[in-house]
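Here's the letter readout for the chains.
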Amino acid sequence: MITGSKMAVVDENAAALGVPRKQLMESSGNAVARVVREVADPGDSVAVVAGRGNNGGDAFVAARFLDDFDLAVTLLGRPEAITTNIARENWTALAAGEYDCETVRDSSAVDLDDPDVVVDAMLGTGISGELREPERTAAEAITASDATVVSVDVPSGFDAETGTLAETAVAADHVVTFHDAKPGLDDLDAEMTVADIGIPEAAELFVERGDLLRLDERRADSHKGENGEVLVIGGGPYAGAPALSAKAALRAGADLVRVACPMVVGRELQGFGEDLIVRPYRGKQLDPKQVGFLLEMARQHDSVVIGPGLGDEEETLEAVEGILSGFSGTAVVDADALARVPSVDTDADLICTPHQGELRGMGGPAADDWRDRMALVESFAADLGHVVLVKGAYDVVSDGEQTRASRTGNPGMTVGGTGDVLAGVTGALAATQEPFDAAAVAAYANGVAGDRAFERNGNGLVATDLHDEIAGVLWTDREGDA
């Protein structure tokens, strides 16, 4: 079962894997036509009522496979207002083929003319809530008719996230849904067909550009801090690591990033960039005396990144355990701090980012083949009760129930510091996303940033090169084939 929003991700991932949406639309339309042929008698009248999105595009394709029937296609709206190129192309194909097509621009013009079968393709999985005009009037006419109603993907007015049906929704007799069932369709008084439209398994297994659709564009009236405040707890033996994480979090979209670090490190951090807000504390390294201060600060942030540059002194790791045990928010745990995760009792949602050596140090299993690693990491994450992102040539992300792999990245990223960048990106995304999704998207984005940096620098790549690429990957270069 898959929600509408996740289905949009899978569609785009399929396109990234070389199966374009135009091909998927052709398969979807063909599947709808097969069901119509099953429920209609020879010579029956079939009315296609289509909206301006890809749901309507599926129906335009279906119409080309229904030449044996008395067919009429109605578009709700103007052809130039069709929202995607592929849906518009299929509408144009109907016009070029001289099919019986008309457009309806207001509710007063809706007239089904008593068909035997109606194809409901007004609204798909991306729309929820009560129907507006002219869809509302069209839905009333469809439901009130004596026709057999075949809905495309979901009945118009059905919420594919929650499985709820609006009062004004179409009452379908048959639903042809694509790739997988949507939540709540089983509860409808309708026959459901789940059509295989050729989406490869890899579109759900691998993190691809479609997963960037999970990231919401910020509102025009959003205010400072609304898009995430991240606290990085790091530094001690190493000053550069927390700076790499903090600057990566800013590039990944966090509004505010603060770095809590020993005072001697804080002075150095101020020189890494004017954007960093440094909150120094006394001492040369983290120790248990700082736990109360840091917990109070952590609770004021949307996510915490703990570990970069802390070192592995016993007092430092005791303090890490104290912070994690007293924290109940979302925390990304990296580097030496990972060693204390298996023994800590915490209400926090942790995202652990080990490489294979660190995973073994946590008591986890390692495997050279990424397929074997997926099963092992899933079992380990289930036992741990937290999200685990294991870094490697193929990154593996699991929360114990769902497991995915990211294939981005290159051997040049074995240089020190790229893991600190990943921790910062993960922290920024975890401030606004669910932990598993944040980890998966971060792994993908960090790898793509590394790939772009490698194109310029080859094996001379350094971790700071990734900072310049992260924003483009996550926010400005997203594209599809709609």
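What counts and how
Residues numbered from 1 in each chain as written. Predicted model: local features only at pLDDT ≥ 70, side-chain atom pairs only at ≥ 80, totals over all residues. Heavy atoms only, no water. Pairing = 2+ DSSP bridges. Helix = DSSP H or I, 4+ residues; strand = E, 2+ residues; numbered from the N terminus. Axes fitted to C-alpha atoms, helices over the stretch in contact; angles between N-to-C directions. Contact = heavy atoms within 4.5 Å. Parallel < 35°, antiparallel > 145°, perpendicular 65-115°, else oblique. Left-handed = near helix turned anticlockwise from the far one by under 90°. Nonpolar A, V, L, I, M, F, W, Y, C, P; charged D, E, K, R; others polar. Buried < 20%, exposed > 50% of the residue type's maximum accessible area, 1.4 Å probe, protein only. Core = buried A, V, L, I, M, F, W, Y, C linked by side-chain atoms within 4.5 Å. Polar contact = N/O pair within 3.5 Å; in protein donor to acceptor, adjacent residues only side chain to side chain. Expected span 1.5 Å × (residues − 1). Phe/Tyr/Trp six-rings, centres within 6.5 Å; stacked < 30°, edge-to-face > 60°. Lys NZ or Arg CZ within 6 Å of the ring centre and 35° of its normal. 1 Å grid on protein atoms, 1.4 Å probe; cavity = no way out; pocket = protein on both sides within 12 Å on 5 of 7 lines; lining within 4 Å. Points joined across faces, edges and corners; volume = space filled by probe spheres on them. Salt bridge = Lys/Arg side-chain N within 4 Å of Asp/Glu carboxyl O.

Novice: I tried to follow the sheet that holds strand 3 (residues 101-104) on my own but got confused; where do I start?
Specialist: Through backbone hydrogen bonds, the strands of a sheet pair up, either in parallel or in antiparallel fashion. With respect to topology, 7 strands assemble into an open sheet ordered 3-2-1-4-5-6-7, the strand pairing being parallel. Two strands lie at the open edges of the sheet, namely strand 3 and strand 7 (191-195), each paired on one side alone. Each neighbouring strand pair of the sheet contributes to a mean axis angle of 20°, computed without reference to strand direction. Inspection of the sheet shows strand 2 (residues 70-76) paired to strand 3 by 4 bridges, in the parallel sense. Paired with Val73 across the strands is Cys101, a residue of strand 3. Docked against the sheet, helix 2 (residues 21-39) engages strand 1 (45-50), strand 4 (117-121), strand 5 (148-152), strand 6 (174-178) and strand 7, running at close to 160° with respect to strand 6. Packed onto the sheet, helix 4 (residues 85-96) meets strand 2 and strand 3 and runs at close to 130° relative to strand 3.

Novice: Can you help me understand the packing of helix 7 (residues 240-251) against helix 13 (residues 418-430) in this one?
Specialist: Any two packed helices are characterised by the angle at which their axes cross and by the distance between the axes. Here helix 7 crosses helix 13 at 40°, and the two axes come no closer than 7 Å. By the angle between their directions, the pair helix 7 and helix 13 is classed as oblique. Once helix 7 is placed against helix 13, the crossing between them reads as right-handed. Between helix 7, through Ala241, Leu244, Ser245, Ala248 and Ala249, and helix 13, the contact on the second element is made entirely by Asp420, Val421, Ala423, Gly424, Val425 and Ala428. Looking at the contact of helix 7 with helix 13 residue by residue, the classes come out as 8 nonpolar, 2 polar and 1 charged.

Novice: Mind showing me how you'd approach unusual backbone geometry here?
Specialist: Excluding glycine, a negative phi dihedral is what most residues carry, and trans is how most peptide bonds are arranged. Cis geometry is adopted by the peptide bond preceding Pro134, which originates at Glu133 and carries an omega value of 0°. Relative to the assigned elements, Pro134 resides in the loop between strand 4 and helix 5 (135-144). Positive phi is not limited to glycine here, since Asp114 has a value of about 55°. Turning to its location among the elements, Asp114 is positioned in the loop between strand 3 and strand 4. When its relative accessible area of 62% is taken as the criterion, Asp114 is described as exposed.

Novice: Which parts of the structure should I look at to understand the nonpolar core?
Specialist: Counting 53 residues, the largest nonpolar core has Val421, Val425, Leu429, Ile470 and Leu474 as its most contacted members. Put simply, the parts of the chain that give this core at least two residues each are strand 8 (229-233), helix 7, strand 9 (256-262), helix 8 (263-269), strand 14 (387-390), helix 13, helix 14 (435-457) and helix 15 (464-476). Excluding its chain neighbours within four sequence positions, the residues that come into contact with Leu429 are Leu215, Ala252, Ala438, Val441, Ala442 and Leu474. Ranked by size, the runner-up nonpolar core spans 40 residues in total, among them Leu286, Phe327, Ala331 and Val333.

Novice: Which parts of the structure should I look at to understand the side chain of Lys391?
Specialist: Take Lys391: it is sitting in the loop between strand 14 and strand 15 (395-398). Taking the relative accessible area as the measure of exposure, Lys391 reaches 18% and is therefore buried. Within the structure, Lys391 has its side chain in polar contact with the backbone oxygen of Thr353 (distance 3.1 Å). If we ignore the near neighbours within four places in the chain, the residues touching Lys391 are Asp334, Thr353, Pro354, His355, Gln356, Glu358, Gly419 and Leu422.

Novice: Teacher, can you tell me more about helix 14 here?
Specialist: Residues that lie three or four places apart on an α-helix share one face, since the helix turns once every 3.6 residues. Look at helix 14: 32 Å from first C-alpha to last across 23 residues, which is about the 33 Å you get at 1.5 Å a residue. Taken across its 23 residues, helix 14 has 17 buried, putting it largely inside the fold. Looking one or two residues past helix 14, Gly458 carries a phi angle of roughly 55°, positive in sign.

Novice: What's the story with the environment of Val320 in this structure? I'm lost.
Specialist: The residue Val320 is located in helix 10 (residues 314-326) in this model. Residues within four places of Val320 in sequence aside, it is in contact with Leu286, Ile306, Leu310 and Ala337.

Novice: In this structure, what is going on with the packing of aromatic side chains? I would like to understand it.
Specialist: Any pair of aromatic rings gets described here by the distance separating the centres and the angle formed by the planes. Taken as a whole, this structure holds 4 aromatic pairs when the rule is applied. Seen from their ring centres, Phe206 and Trp370 are 5.4 Å apart, and the 50° between their planes marks the pair as tilted. Of this pair, Phe206 sits in the loop between helix 6 (202-205) and strand 8 while Trp370 is found in helix 12 (residues 370-384), placing the two residues 164 residues apart along the sequence. Judged on exposure class, the residue Phe206 and its partner Trp370 are both buried. The positively charged end of Arg407 is found above the aromatic ring belonging to Phe206, 3.8 Å away from the centroid.

Novice: Honestly, the packing of helix 14 against helix 15 in this entry has me stumped. Any pointers?
Specialist: For the pair helix 14 and helix 15, interaxial distance at closest approach is 8 Å and the crossing angle is 125°. Accordingly, the angle class assigned to the pair helix 14 and helix 15 is oblique. The two elements helix 14 and helix 15 meet at a crossing, and its hand is right-handed. Across the interface between the two elements, Val441, Tyr444, Ala445, Asn446, Val448, Ala449, Gly450, Arg452, Ala453, Arg456 and Asn457 of helix 14 pack against Asp465, Leu466, Glu469, Ile470, Gly472, Val473 and Leu474 of helix 15. Taken together, the residues of the contact of helix 14 with helix 15 break down into 10 nonpolar, 4 polar and 4 charged.

Novice: I'm lost on the layout of surface pockets in this one. Help?
Specialist: To find leftover empty space, one rolls a probe the size of a water molecule over the atoms. When its volume is computed, the largest pocket comes out at roughly 710 Å³. Lining the largest pocket we find 28 residues, and of these Gly53, Asn54, Asn55, Thr125 and Gly126 sit closest to its centre. The element contributing the most residues to the lining of the largest pocket is helix 1 (residues 4-16), with 5 residues. Looking at the lining of the largest pocket residue by residue, the class counts come to 10 nonpolar, 12 polar and 6 charged. Size it by volume and the second largest pocket reaches roughly 600 Å³.

Novice: Honestly, the pattern of salt bridges in this entry has me stumped. Any pointers?
Specialist: Opposite charge on two side chains permits them to pair, given that their charged atoms come into close proximity. Overall, the coordinates contain 19 salt bridges when judged by the stated rule. For Arg78, the salt bridge identified is with Glu80, shortest N-O distance 3.3 Å. A salt bridge links Arg340 to Glu314; its shortest N-O distance comes to 2.7 Å. Taken together, the positions of Arg340 in the loop between strand 12 (330-333) and strand 13 (349-352) and Glu314 in helix 10 put the pair 26 residues apart, joining distant regions of the chain. Given a relative accessible area of 44%, Glu314 falls into the partly exposed group.

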